[in-house]
Amino acid sequence: MLKKQEMVVKMEIPIYSGVMDPLGRVVLPIEIRRKMGWLEKTDVCFFPGQEDGEIIIRENPAAAPAHNICLFCGETRGLIEYRKKLVCESCMKKLAGLA
Ligand SMILES: [Zn+2]
């Protein structure tokens, strides 16, 4: 059973095909980052999966909230944590206005 903030990348069914650079870096597609709510500078950990050729990428819970910026606008001041995500007061008011 996967937790919300982790995903399994199965090598036999690629959802993205990319080339690793000499430093071992690959791009995590924007669709996945958006789905996970992972912004720039999100601190992630890699774990071996259950099967060969499988890895688990998980947001580092020790670093959460990792980015210290508003999920919606990037503001760094006056942040409020809601469901492990940071939202600034301005965006929180806008969201409250939608209710
Ligand atoms: Zn905001």
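Just so it is clear, the structure is predicted and the values come from calculations on it, not from any experiment. (Residues numbered from 1 in each chain as written. Predicted model: local features only at pLDDT ≥ 70, side-chain atom pairs only at ≥ 80, totals over all residues.)

**Regarding the overall build of the protein chain**
Part 1 of the argument: Along its length, the protein chain carries two helices and five strands.
Part 2 of the argument: Starting at the N terminus and ending at the C terminus, the protein chain contains elements arranged as β-α-β-β-β-β-α.
Part 3 of the argument: Burial statistics for the protein chain: of 99 residues in total, 7% are counted as buried.
Part 4 of the argument: For the protein chain, contacts bridging at least 24 residues in sequence account for 30% of all contacts bridging at least 6. (Helix = DSSP H or I, 4+ residues; strand = E, 2+ residues; numbered from the N terminus. Buried ≥ 20, exposed ≤ 12 C-beta atoms within 10 Å, placed from the backbone. Contact = placed C-beta atoms within 7 Å.)

**Overview of unusual backbone geometry**
Peptide bonds are, in most cases, trans, and in most cases residues other than glycine have a negative phi.
Part 1 of the argument: The phi angle at K41 is positive, at roughly 75°, despite the residue not being glycine.
Part 2 of the argument: Classification of K41 as exposed rests on a count of 10 C-beta atoms within 10 Å.

**Let's talk about the confidence of the model for the protein chain**
Part 1 of the argument: When pLDDT is averaged along the protein chain, the result is 77, and 77% of the positions lie at 70 or above.
Part 2 of the argument: In the model of the protein chain, strand β1 (residues 6-10) stands out as the element of lowest mean pLDDT, 50, in contrast to helix α2 (residues 89-98), which has the highest, 89. (pLDDT = per-residue confidence, 0-100.)

**Here we look at the pairing of strand β3 (residues 54-59)**
Part 1 of the argument: As defined by bridge partners, strand β2 (residues 44-48) adjoins β3 across five bridges and the pair is classed as antiparallel. Among the inter-strand pairings, C45 is bridged to a residue of β3, identified as R58.
Part 2 of the argument: The loop that links β2 with its antiparallel partner β3 comprises five residues; one of these, G53, has a positive phi angle of about 75°. (Pairing = 2+ DSSP bridges.)

**Re the nonpolar core**
Part 1 of the argument: Ranked by size, the top nonpolar core spans five residues in total: C70, L79, L86, V87 and C88.
Part 2 of the argument: Looking at this core, the element that brings in the most residues is strand β5 (residues 85-88), giving three residues.
Part 3 of the argument: If we ignore the near neighbours within four places in the chain, the residues touching C70 are E75, L79, L86, V87, C88 and C91. (Core = buried A, V, L, I, M, F, W, Y, C linked by C-beta atoms within 7 Å.)

**A word on the environment of M92**
Part 1 of the argument: Secondary-structure assignment places M92 in helix α2.
Part 2 of the argument: For the pair formed by M92 and F72, sequence separation is 20 residues and the distance between their alpha carbons is 9.7 Å.
Part 3 of the argument: Those residues in contact with M92 that sit more than four places away from it in its chain are I80 and V87.

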